[in-house]
Amino acid sequence: MDHVLSVSGLRKTYGSKVAVDGISFEVRRGEIVGLLGPNGAGKTTTINMILSVLEPSAGSIHIEGFDIQSHRAKALSHTNFAAVYAPLPGNLTVVQNLRVFGLLYSTPNLTARIEELLTQFELTAFRHTRCGVLSSGEQTRVCLAKALLNRPLLLLLDEPTGSLDPAKAHDIRIKIREVVADGDCGVLWTSHNMYEVEQVCDRVLFLSRGNILLEGAPKTLPQQHGKETLEDLFIAVAREPLAFREGHHP
Amino acid sequence: MNFCRIYAILLRQFYLLRESAARFVPLFVWVAIDIVLWGFITRYLNNVSTSPFNFVPIFLGAVLLWDFLTRVMQGVTMAFFEDVWSRNFLNVFATPISTGEYLSGLVLASIVTSAVGLVVMLVVASCVFGLSFIVYGMLIVPFLFILFLFGVALGIFGTAIVLRLGPAAEWFIWPIPALISPFACVFYPLATLPHWMQWIAKLMPPAYVFESMRAIVAGGSASWPALAWGAGLAVGYIVLACFTFVRVYRHAMRSGLIARYSAESLS
C-alpha cells in the first residue's frame, strides 16, 4: 500500500456554512505534503477530521488502510500530530508528558523511546522541567517529541514552526526531514511560511473556501500559474480563489 | 479495552497529586474537618440527650458515608477537570483512547483519591470519636459499594455537563451532592419527608444505605432486597451517565467543540 492517508469526498458543514467542500487527496509514504491556504480555508478543520476529533458531514478518511470511522483506534495508533495551538499540559514535566502520551499510544519499549527522543530533540536537560515553564521553542520540541513517540506512519503538523525564530525553525525542519527520510512516515504540513514550504514539502495542496484549488510541486507550481514565487501564488489564490476554481491562471 | 491507555489517565493524575500539595491536601483535609465538626456535634448531642440513644454511629457514620460518596464523585470530576484546565482535550482525544477507556481511567483515579479520604475519615472517626464500624458488621461492604457506584454515576454525569456546557459549567457540578442530600435521607428517616419527596428519595440509591444503617443502629436488621434494589438503581444510573457522556461527546465531535473547547460554544 503506497498511501498512508487517503481522503475521499471529505465535507464538513455547520448548518448552511460549508467549511470543507468534498475534498479528496492522498499522502504517500515518505512524502511531505503541504496543506496551504489563507486563514479560514479549512486546513485545521481538515486536520481535525483526520485526527477524529471532528466528525465529517460526508466522505471517508483511511489511515494505513483503516477507516477512521469504523476502526478509529487502529487508524489513530498509526497517527500523531503537533500543533502550535495544542501544547502539552504545562503542569507535567517533559518526561511525565512523554510517558503519559506514550502509554496512550501504547508505545512499545517506552522508556528507551523517550530517552531516544529526548536526545534527538535536545531535551535531556529539561527532562524534569514542567512544560509550562519552557520557552515556546522548547515546548515545540516537546510537542514534536510527543508526535513521534509511536513512530507514526502519518504525521500531522499544523504550523509546527509558527512560534519559532528562523534558526530554531530551520533545525526543526531538518529534524522532520530526517524522520521522513529514515522511515515510512508521510507528513501533512500546514504553514503560512512559503519559504518553509518550498524547503520541506514534496507536494502542496492549495485550499481555499473548503476546496482544493491547486496541487503540485512547490518549486514548479508558481511558474505553471504565471507567478514568480510560491508566496505570489498564495496571495493570488487567497485574493482570487474563483479564478483558480474555474481553471483560469491569472 | 486497552489497560495501557486506562493506566495513562491514572498515571497523569498520580503525577499531579504527587507533586502538588494543592491537589493532595484537599483529598483528606475537608473530610477530616467534617468528621471533627460532626464528631463534636454528636458528642454534644449524646451529653444533652436524656435517652441512651448513641448519636455517633447515626450522625457521624452518616457524615462519613456521605463524604465518601462526595469524594468518589469529585474524584471523577477532578480528574476530568485537569484536562479542562490544561486545555488537553485535543491531545487526549486525538489518541486511540476510547470514551470507555477514558471514563475507566477517571474512575480508577477516583478510587485512589476517595480511598485516601476514606482512610483518613475512618482513622479520625474511630480514634477521636470512637465510631466503630463493627456496629454495621459486614453490611459496611454493600453500603460503600452502593455509594461508590452512585458517586461514579454522579461524577460521569457531571463531566458530561461540563463537556456540553463548557469550563464555566464546573460550578454546576460542585453543589450536586448538596442538592441530592435532602432526598438521600442522610440524617433522617425517609418517612420524615413529605410524600412527593419520598417518591424522589426512593429513586436515590444512598437512601437505601442510610435507611439500612439507621435500622441496624436501632437494633433491627437491614433489608437486603432494599439494598439490592439500591445497588441496581446505582448501576442503572452509571449506565445512564455513560450514555449521556457518549451522547455529549458525539455532539462535541459533530460540532467541533472537542477541538475548540475553550470557546465553550460554537454557535
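Next up on the list: the overall build of chain A. Summing up its helical and strand segments, chain A has ten helices and ten strands in all. Overall size of chain A, expressed as C-alpha extent along the three principal axes, is 55 × 40 × 35 Å. Per-residue burial over chain A gives 49% buried out of 250 residues. Expressed as a percentage of contacts within chain A between residues at least 6 apart in sequence, the contacts between residues at least 24 apart total 66%.

Below, the discussion takes up the packing of helix α3 (residues 26-48) of chain B against helix α6 (residues 99-129) of chain B. Residues and elements named next belong to chain B. For the pair α3 and α6, interaxial distance at closest approach is 9 Å and the crossing angle is 30 degrees. Taken together, α3 and α6 sit at an angle that is classed as roughly parallel. Where α3 crosses over α6, the handedness of that crossing is right-handed. Facing α3, whose interface residues are L27, F28, V31, A32, I35, V36, G39, T42 and R43, α6 presents T113, V116, G117, V120, M121, V124, A125, V128 and F129. Residue composition of the contact of α3 with α6, by class: 13 nonpolar, four polar and one charged.

A separate point is the sheet that holds strand β9 (residues 203-208) of chain A. All names here are of chain A. As summarised here, the arrangement of the six strands in space is β6-β7-β8-β3-β9-β10, forming an open sheet in which the pairing is mixed. Here the strands that pair on one side only, and so sit at the sheet edges, are β6 (79-83) and β10 (211-216). Here the strands of the sheet are splayed against their neighbours by 20 degrees on average, with no regard to which way each runs. Sheet analysis places strand β3 (residues 32-36) next to β9, joined by four bridges and oriented parallel. Within β9, the residue paired with L35 across the bridge is L205. On top of the sheet, helix α1 (residues 43-50) reaches β3, β7 (154-158), β8 (186-190) and β9; it is set at about 150 degrees to β7, its chief contact. Across the face of the sheet, helix α9 (residues 230-239) comes into contact with β3, β9 and β10 while running at roughly 25 degrees to β9.

Here helix α7 (residues 140-165) of chain B contains 26 residues, and its C-alpha end-to-end distance of 37 Å stays within 8% of the 38 Å for a straight helix at 1.5 Å per residue. One or two residues past the end of α7 of chain B sits G166 of chain B, with phi positive at roughly 105 degrees.

All names here are of chain A. With respect to topology, four strands assemble into an open sheet ordered β2-β1-β4-β5, the strand pairing being antiparallel. Two strands in the sheet have a free side with no partner beyond their single neighbour: β2 (17-28) and β5 (66-67). Taken strand by strand, α1 contacts β1 (3-14), β2 and β4 (58-63), and its axis lies near 115 degrees from that of β1.

Tallying the contact residues gives 24 residues for chain A and 24 residues for chain B. Elements represented by at least two residues in the side of chain A that touches chain B include exactly α2 (72-77) and α3 (94-104) of chain A. Among the elements that take part in the side of chain A that touches chain B, α3 of chain A stands out by supplying six residues, more than any other. Class assignment of the residues belonging to the side of chain A that touches chain B gives a composition of 15 nonpolar, seven polar and two charged.

Moving on to the environment of M253 of chain B. With respect to the helices and strands, M253 of chain B occurs in helix α12 (residues 224-255). For the pair M253 of chain B and S221 of chain B, spaced 32 residues apart in sequence, the C-alpha separation works out to 50 Å. If we ignore the near neighbours within four places in the chain, the residues touching M253 of chain B are V53, L54 and E55 of chain A together with I258 of chain B.

All names here are of chain A. The domain boundaries assigned to chain A delineate domain 1 (1-78 + 155-250) and domain 2 (86-151). The straight-line distance from the C-alpha centre of domain 1 to that of domain 2 is 25 Å. In this complex, domain 1 contributes nine residues to the contact, which on the side of domain 2 involves ten residues. With three residues, the single largest contributor to the side of domain 1 that touches domain 2 is helix α6 (residues 166-182).

Here we take up the confidence of the model for chain B. Should the pLDDT be low somewhere, the predicted coordinates at that spot are not to be read in detail. Residues and elements named next belong to chain B. Per-residue pLDDT for chain B has a mean of 91; in total, 97% of the residues score no lower than 70. Of all the helices and strands in chain B, helix α8 (residues 170-173) carries the lowest mean pLDDT, 89, while helix α1 (residues 3-18) carries the highest, 96. For this predicted complex, the interface confidence reaches an ipTM of 0.90, while the overall pTM sits at 0.91.

The rules behind each value
- Residues numbered from 1 in each chain as written.
- Chains lettered and ligands numbered in written order.
- Predicted model: local features only at pLDDT ≥ 70, side-chain atom pairs only at ≥ 80, totals over all residues.
- Helix = DSSP H or I, 4+ residues; strand = E, 2+ residues; numbered from the N terminus.
- Buried ≥ 20, exposed ≤ 12 C-beta atoms within 10 Å, placed from the backbone.
- Contact = placed C-beta atoms within 7 Å.
- Axes fitted to C-alpha atoms, helices over the stretch in contact; angles between N-to-C directions.
- Parallel < 35°, antiparallel > 145°, perpendicular 65-115°, else oblique.
- Left-handed = near helix turned anticlockwise from the far one by under 90°.
- Nonpolar A, V, L, I, M, F, W, Y, C, P; charged D, E, K, R; others polar.
- Pairing = 2+ DSSP bridges.
- Expected span 1.5 Å × (residues − 1).
- Domains from an automatic or database assignment.
- pLDDT = per-residue confidence, 0-100.

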